[in-house]
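Report on the structure
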Amino acid sequence: MSPSRLLASALLLALVARGASAAPPKRPRVDREAMREAMDAAATDEESFSSSASYANYLQARLLHHAGDHRGAVDALRLSLATDDGHPLLLTRLAEEYARLGSLDKAERELRRAVERSPAYYPAHVLLGRVLLESGRYTRARLHLRRAVALKPREPEAYLVLAQLHLEAGAPDEAVKVVDALALALPGEASGYRRLGLALAERGDVARAERLLVEASRRDPGDVEVLSALAKLYEATGRPAEAEEALASALRRDPDSQEVLLAAGRAALKAGSVVRARAYFDRLLSLSTEPEMAVRVAFSYLAAREPAAAAEVLDSARRAGEGEPRLAYYAGLVHERMRRFPEAAAAFAAVPPGHDVFPDARVRRARCLSLGGEHPRALALLRAALQDAPEDAEVRTQYARALERAGTPAKAEAVLKEGLAAAPSAALYDALAATLHRQGRGTEALALLRDVVARTPRDEELLYVLGAAHERQGDVDGALARMRAVLEVDPDHAPALNFLGYLMAQAGRDLDEAERKVLRALELRPDTGAFLDSLGWVYFRRGEYLRAVEALERASTLSPDEPVILEHLGDAYQRASRMEDAASAWRRALDVLALDPESAEPPGQRAVLERKLKALPTRASGR
């Protein structure tokens, strides 16, 4: 029976099954792609159907599949197989539905039936390879995928699954060989290089990923995703100019891609061209009126240490979107990060009560006022915030700190103790311990925390707070012991891993273990500026100054205005004989401390930095 006659019979059967009456029912929307796929499949010799009923049920299964009803598709395929037992297409489709439902054992059973009945049926071997791969049975999966490649050496799907198998089995070189074989079989084919390159890039295998993605881009020069992935690799390996070039190529294909424009602007900044960055960002902001995009551009300028450009972007966005509370909030965040506390407080004040960011804006505004010395206004705002959310530990902590800045440490202590009596938390205990330490009562803080930990000895957050208190008191051994106790409770406590590694580096103890601890913290929380600072400091203490510079530059990019990171970066530059860069980093740290003395770590950091600058040669120190 020809496909056209089968289709007519199928539609007639479907009409009868739906109980057609004299008045024809409303016709459902026809999924033409599904029907065309089914007709094309039925037209091949090995996939011809034995009856119109079988074909009608198959069509119904495909419609249900595309509608997402995989259980319904299973039922329809079973009906189709009832009159066409052993049909390889039907068995393969049934296996696919089982796989989508998560029943891999049933899928495997149907696929084995298919390859037993039709050993040369390519789709069954490919899908069986996928199912076995998903089940972790790599050897058997490999056999079926190789069989599929042999059956149809110019079909890419089996190659791609086989490459994925080798990658998941930890054999990336074998995966590369598979996509090279696909390229030989299909000259000009880019999919193998593309998929494997993207997967390797995601896994951090930079060298292999770059080679494959470059080849994929050569074969398909307009693939925006490949070019964007290449740009990330170039940027990660310190090649911002190449990153920008790749992104410019992507923009020639898709000039309105907002993510690519943003990435290109950031790459241009890293390459040292504010002019080119502005061109990309201006184009981006002309395409998007979303407040979030303006703040992303502003923070990109901030990361590149272009605060004036950041402020300009936000001021322009606020003028264009007058009355938009989120823009005021984001402007406050940027000014706060720049330590422009009066400007930040004014921006946060423009967020009206009732808006979803108002509670946070109010607390941030109060903190900025407090840091700017406007204590009565700050305290009034924080009292109102605490009245609205008496259980909020962050609000209570900020209120206590503002009281302390206003010269009433006893009131600050009382506020924290009141919160602990109502709802004890590690955050409040940490705030109280820090308050006592600043009053010269560090021993009392340690006694308080030891008593609390004795009652709950496996509370990792309290153990961490106690370790931090020991470190504030200069008790390195006590701090190390407490951080190790945290890791006994939770081996993947990232802050404790980092703290332990940093303390060991500071003390010059077992730097190899310190490196392992910090690297594990970075695995758990990648791209954390404080953790990269610790890693750089480990390298510094080991005498590996170039590696220290690399890690600390990355830390400074992520956290551009942290005095301790800037000081460490300057120290590394100095040891790497980059005196001008050392002086620049230390001066930037001093600039931050002038605006925000509380960010000093330790409290005498400013004097230390000034001594380091004076000790530099005259030209480098800027005198």
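So, a few notes on the structure that sits alongside this text.

Parameters at a glance
- Residues numbered from 1 in each chain as written.
- Predicted model: local features only at pLDDT ≥ 70, side-chain atom pairs only at ≥ 80, totals over all residues.
- Heavy atoms only, no water.
- Helix = DSSP H or I, 4+ residues; strand = E, 2+ residues; numbered from the N terminus.
- Buried < 20%, exposed > 50% of the residue type's maximum accessible area, 1.4 Å probe, protein only.
- Contact = heavy atoms within 4.5 Å.
- Areas by Shrake-Rupley, 256 points an atom, 1.4 Å probe, with all protein chains shown as cover.
- Lys, Arg positive; Asp, Glu negative; His and termini not counted.
- Charge placed at Lys NZ, Arg CZ, Asp CG, Glu CD.
- Expected span 1.5 Å × (residues − 1).
- Core = buried A, V, L, I, M, F, W, Y, C linked by side-chain atoms within 4.5 Å.
- Salt bridge = Lys/Arg side-chain N within 4 Å of Asp/Glu carboxyl O.
- Axes fitted to C-alpha atoms, helices over the stretch in contact; angles between N-to-C directions.
- Parallel < 35°, antiparallel > 145°, perpendicular 65-115°, else oblique.
- Left-handed = near helix turned anticlockwise from the far one by under 90°.
- Nonpolar A, V, L, I, M, F, W, Y, C, P; charged D, E, K, R; others polar.
- Phe/Tyr/Trp six-rings, centres within 6.5 Å; stacked < 30°, edge-to-face > 60°.
- Lys NZ or Arg CZ within 6 Å of the ring centre and 35° of its normal.
- Polar contact = N/O pair within 3.5 Å; in protein donor to acceptor, adjacent residues only side chain to side chain.

On to the overall build of the protein. In terms of helices and strands, the protein carries 36 helices and 0 strands. Each principal axis of the C-alpha atoms in the protein carries an extent, and together these give about 95 × 60 × 55 Å. Classification of the 623 residues of the protein by burial places 48% in the buried group. In the protein, 49% of the contacts between residues at least 6 apart in sequence involve partners at least 24 apart. Surface exposure of the protein reaches about 30,100 Å², of which carbon and sulfur atoms provide 51%. In the protein, which carries 88 positive and 92 negative side-chain charges, the distance between the mean positions of the two groups comes to 0 Å.

Before going further, it helps to examine helix 30 (residues 511–524). Taking 1.5 Å of rise per residue, the 14 residues of helix 30 would be expected to cover 20 Å, and the 20 Å separating its terminal C-alpha atoms lies within 8% of that figure. Looking at helix 30, one finds that the buried residues are Leu511, Glu513, Ala514, Glu515, Lys517, Val518, Ala521 and Leu522. Those residues of helix 30 that are buried lie in contact with helix 28 (476–489), helix 29 (494–507), helix 31 (529–542) and helix 32 (545–558).

Before going further, it helps to examine the nonpolar core. Leu196, Phe281, Tyr301, Tyr329 and Val334 are the most contacted members of the largest nonpolar core, which has 196 residues in total. For leucine 196, the contacting residues outside a window of four places in its chain are Leu167, Ala175, Val176, Val179 and Leu212.

Enumeration according to the criterion identifies 59 salt bridges in this entry. A salt bridge links glutamate 259 to arginine 296, with the shortest nitrogen-to-oxygen separation between them at 3.0 Å. Placement of glutamate 259 in helix 15 (residues 258–270) and of arginine 296 in helix 17 (residues 291–303) is noted, with a sequence separation of 37 residues between them. Glutamate 259 gets classed as partly exposed once you look at its relative accessible area, which sits at 45%. Taking relative accessible area as the criterion, arginine 296 reaches 30% and is therefore assigned partly exposed. As a salt-bridge pair, arginine 509 and aspartate 477 come within 2.7 Å of each other at their nearest N and O atoms. Taken together, the positions of arginine 509 in the loop between helix 29 and helix 30 and aspartate 477 in helix 28 put the pair 32 residues apart, joining distant regions of the chain.

Contact geometry for helix 23 (residues 393–405) and helix 24 (residues 409–422): axes closest at 7 Å, N-to-C directions at 165°. When the axis of helix 23 is compared with that of helix 24, the two are roughly antiparallel. You can see that helix 23 and helix 24 cross each other, and the crossing is left-handed. Residue-level inspection shows Arg396, Thr397, Tyr399, Ala400, Leu403 and Glu404 of helix 23 in contact with helix 24, the latter providing Pro409, Lys411, Ala412, Val415, Leu416, Glu418 and Gly419. Within the contact of helix 23 with helix 24, the residues separate by chemical class into 7 nonpolar, 2 polar and 4 charged.

Taken as a whole and assessed by the stated rule, the structure comprises 9 aromatic pairs. Between phenylalanine 49 and tyrosine 55, the aromatic rings sit 5.0 Å apart at their centres with planes inclined by 55°, giving tilted as the arrangement. One exposure class covers both phenylalanine 49 and tyrosine 55, and it is buried. Their ring planes at 40° and their centres at 5.3 Å tell us that phenylalanine 49 and tyrosine 58 sit as a pair that is tilted. Each member of the pair, phenylalanine 49 as well as tyrosine 58, is classed as buried. Grouped by ring-pair contacts, the aromatic residues Phe49, Tyr55 and Tyr58 constitute a single cluster. Its guanidinium or amino end placed over the ring of tyrosine 539, arginine 547 lies 4.1 Å from that ring's centre, counting from NZ or CZ.

Turning our eyes to something else, we now look at the environment of threonine 92. Here threonine 92 shows up in helix 5 (residues 88–100). Assessed through its relative accessible area of 7%, threonine 92 is described here as buried. Along the sequence, threonine 92 and alanine 114 sit 22 residues apart, while their C-alpha atoms lie 6.7 Å from each other. Apart from the residues lying within four places of it in its own chain, the contact partners of threonine 92 are Leu111, Ala114, Tyr121, Pro123, Ala124 and Leu127.

With that out of the way, let us pick up the environment of tyrosine 539. Inspection of the secondary structure assignment puts tyrosine 539 in helix 31. Non-local contacts of tyrosine 539, meaning those with residues more than four positions away in its chain, are made with Glu515, Glu544, Arg547, Ala548 and Ala551. A polar side-chain atom of tyrosine 539 sits 3.2 Å from a polar atom in the side chain of glutamate 515.

Taking 1.5 Å per residue as the helical rise, helix 4 (residues 70–82) with its 13 residues ought to reach 18 Å, and the 18 Å between its terminal C-alpha atoms agrees with that figure. Three or more residues of helix 4 are buried, namely His70, Gly72, Ala73, Val74, Ala76, Leu77, Ser80 and Leu81. Check the buried side of helix 4 and you find it contacts helix 3 (52–66) and helix 5. Between the side-chain oxygen at the start of helix 4 and the backbone nitrogen of glycine 72 there is a gap of 2.9 Å, and the oxygen is on aspartate 69.

Right, let's talk about the side chain of arginine 142 for a bit. Structurally, arginine 142 can be placed in helix 8 (residues 138–151). Buried charge without a salt bridge: arginine 142, with glutamate 174 as the nearest opposite-charge side chain at an N-O distance of 7.5 Å. Apart from the residues lying within four places of it in its own chain, the contact partners of arginine 142 are Leu162, Leu165 and His166.

Along the chain, the position of asparagine 498 falls in helix 29. For asparagine 498, a relative accessible area of 11% puts it in the buried group.

Put simply, glutamate 601 and proline 602 share a cis peptide bond, and its omega is 0°. As for its position among the elements, proline 602 is in the loop between helix 34 (579–595) and helix 35 (605–615). Backbone geometry at arginine 339 places phi at a positive 65°, although glycine is not the residue there. Looking at the element boundaries, arginine 339 is found in the loop between helix 19 (325–337) and helix 20 (341–349). Take arginine 339: its relative accessible area is 11%, and that puts it in the buried class. Positive phi outside glycine occurs at serine 577, with the angle close to 65°. Topologically, serine 577 is positioned in the loop between helix 33 (563–575) and helix 34. Given a relative accessible area of 60%, serine 577 falls into the exposed group.

This part covers the environment of proline 602. Given the relative accessible area of 53%, proline 602 is considered exposed. Counting along the chain gives 310 residues from proline 602 to glutamate 292, while the straight-line C-alpha distance between them is 35 Å.

Between helix 6 (residues 104–117) and helix 7 (residues 122–134), the shortest axis-to-axis distance is 9 Å and the interhelical angle comes to 150°. With respect to each other, helix 6 and helix 7 are oriented roughly antiparallel. With respect to the hand of their crossing, helix 6 and helix 7 are arranged in left-handed fashion. Residues Leu104, Ala107, Glu108, Leu111, Arg112, Ala114 and Val115 of helix 6 form the contact with helix 7, whose participating residues are Ala124, His125, Leu127, Leu128, Val131, Leu132 and Glu134.

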